[in-house]
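# Remarks on the overall topology
Residue strings, one per chain:
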Amino acid sequence: MEPKVFFLVPGKLACACVDAAEVDVLTRRVDGSNVRFVSSGLHKSYRQRTKEFGPVDISIIHRFCNAFVHRIRTQPGALVYLFEKDPKSQTNASLLLSSLMVLYFGWSPKKAATFFKDRFQLNPYTDAFGSKEQCELTVEDCLVGLQHASDLEWYSPSNFDLQIYRSLSDPWMGDITQICPKIFVFKGPLSPLYPRDKHEVAHPPSSYIPLLQSLGVTTVIRFNDQDTYDR
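All of the points below concern the structure found in this document. The shown structure was predicted, so the numbers you read here are calculated from the model rather than taken from an experiment.

## Observations regarding the packing of helix 3 (residues 87–104) against helix 5 (residues 139–151)
For any two helices packed against each other, one specifies the inter-axial angle together with the distance between the axes. Two elements in contact, helix 3 and helix 5, have axes separated by 10 Å at closest approach and are oriented at 30 degrees. When the axes of helix 3 and helix 5 are compared, the crossing they make is right-handed. In contact with Thr 91, Leu 95, Ser 98, Ser 99, Val 102 and Leu 103 of helix 3, helix 5 contributes Val 139, Cys 142, Leu 143, Leu 146, Gln 147 and Ser 150. Here the residues of the contact of helix 3 with helix 5 sort into 7 nonpolar, 5 polar and no charged.

Right under this line is the structure:
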């Protein structure tokens, strides 16, 4: 059976879920036509830390959308995004493509999520405990949040500072993310005496103070275990 190609923007943007052998089939089928097949590692860039499965972050969505909007607007012919058949790749590739459709082509979160849910296997995102009972986040949930952030101008493609976002989210910088204009979230500090995994990157409270002050943070609310550091 030949792999199916699904168009999102007629004549300009499509996607297909394929394995290596099917890529050759597609290439032969459109040989000589004005179609370009592309892929990337962006849909596989989620950094899994324990048992959780999460969506790619806003910096990945931003990079993906910028790259594809530029190609769609400046290059002739159709662009077909290819991704792998494993469920995690299908899910996050669908999130990236549906984010593009919501942000730039006027699709509603429901329309975008339904388009991909009807064609691909989308797994729910789960928390670090890996339990559906504790957290089950869908692609549509993420799109609703993205649309809301865009409506409130918490996220704007033209004003988003990719360099600052990636710098703050680096574990060596504190693993900090700004989720709205007045709230930052970050991995809790750990006392040097607190037992930890040998591969874990953690910082004592004192190392966060200058950075949080530079970001204008005046109050920190702790949600982690009380014995991880001395206040």
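## Focus: helix 6 (residues 162–169)
Listed in full, the buried residues belonging to helix 6 are Tyr 165, Leu 168 and Ser 169. Projected down its long axis, helix 6 carries its buried residues within an arc of 95 degrees, all on one side. Structurally, helix 6 contributes buried residues whose contacts are with helix 2 (58–74), strand 5 (176–180) and helix 7 (205–214). For helix 6, the N-terminal cap is Asp 161; the gap from its side-chain oxygen to the backbone nitrogen of Gln 163 is 3.3 Å.

## Structural notes on a nonpolar patch on the surface
Taken together, the side chains of Ile 179, Ile 183 and Val 185 present a nonpolar region at the surface, about 240 Å² in accessible area. Inspection of the secondary structure puts Val 185 in strand 6 (residues 183–186). With relative accessibility at 37%, the residue Val 185 sits in the partly exposed group.

## Some details on the environment of Ile 176
In this structure, Ile 176 sits in strand 5. Linking Ile 176 and Tyr 208, residues 32 residues apart in sequence, is a C-alpha distance of 10.0 Å. Ignoring anything within four residues of it in the chain, the contact list for Ile 176 reads Leu 168, Ser 169, Phe 184, Val 185, Phe 186, Leu 211, Leu 212 and Leu 215.

## Considerations on the pairing of strand 5
Pairing analysis gives 4 bridges linking strand 5 to strand 6, with the strands arranged antiparallel. When the bridges of strand 6 are listed, Gln 178 appears paired with Phe 184. Between the end of strand 5 and the start of strand 6, which pair antiparallel, lie 2 residues.

## What to know about the sheet that holds strand 2 (residues 13–17)
One open sheet accounts for 4 strands, arranged 1-2-4-3; its pairing is mixed. Looking at the sheet topology across the chains shown, the edges are occupied by strand 1 (6–9) and strand 3 (35–38). Taking the axes of each pair of neighbouring strands and ignoring which way they run, one obtains an average angle of 25 degrees across the sheet. In the sheet, strand 1 pairs with strand 2 via 3 bridges, with the strands oriented antiparallel. What sits directly across from Phe 6, in strand 2, is Cys 15. In this fold helix 2 packs onto strand 2, strand 3 and strand 4 (78–83), with an angle of close to 150 degrees to the strand it touches most, strand 4.

## Examining the packing of aromatic side chains
For the structure on display, the rule yields 12 aromatic pairs. Ring centres of Phe 64 and Phe 68 lie 4.4 Å apart, and the angle between their planes is 25 degrees; this geometry places the pair in the stacked category. Separated by 4 residues within a single helix, Phe 64 and Phe 68 lie in helix 2, roughly one turn from each other. The residues Phe 64 and Phe 68 share a single accessibility class, namely buried.

## Focus: helix 5
The end-to-end C-alpha distance of helix 5, which contains 13 residues, comes to 18 Å, matching closely the 18 Å that a straight helix rising 1.5 Å per residue would cover. Residues Val 139, Cys 142, Leu 143, Leu 146 and Ala 149 constitute the buried set of helix 5. Projected down its long axis, helix 5 carries its buried residues within an arc of 125 degrees, all on one side. Along its buried surface, helix 5 packs onto helix 2, helix 3 and helix 4 (109–117). One or two steps after helix 5, the chain reaches Glu 153, where phi turns positive at roughly 65 degrees.

What counts, and at which threshold
- Residues numbered from 1 in each chain as written.
- Predicted model: local features only at pLDDT ≥ 70, side-chain atom pairs only at ≥ 80, totals over all residues.
- Heavy atoms only, no water.
- Axes fitted to C-alpha atoms, helices over the stretch in contact; angles between N-to-C directions.
- Helix = DSSP H or I, 4+ residues; strand = E, 2+ residues; numbered from the N terminus.
- Left-handed = near helix turned anticlockwise from the far one by under 90°.
- Contact = heavy atoms within 4.5 Å.
- Nonpolar A, V, L, I, M, F, W, Y, C, P; charged D, E, K, R; others polar.
- Buried < 20%, exposed > 50% of the residue type's maximum accessible area, 1.4 Å probe, protein only.
- Arc of directions from axis to C-beta.
- Polar contact = N/O pair within 3.5 Å; in protein donor to acceptor, adjacent residues only side chain to side chain.
- Patch = residues over 30% accessible without salt bridge, like charges linked within 9 Å, V, L, I, M, F, W, Y side chains within 5 Å.
- Areas by Shrake-Rupley, 256 points an atom, 1.4 Å probe, with all protein chains shown as cover.
- Salt bridge = Lys/Arg side-chain N within 4 Å of Asp/Glu carboxyl O.
- Pairing = 2+ DSSP bridges.
- Phe/Tyr/Trp six-rings, centres within 6.5 Å; stacked < 30°, edge-to-face > 60°.
- Expected span 1.5 Å × (residues − 1).

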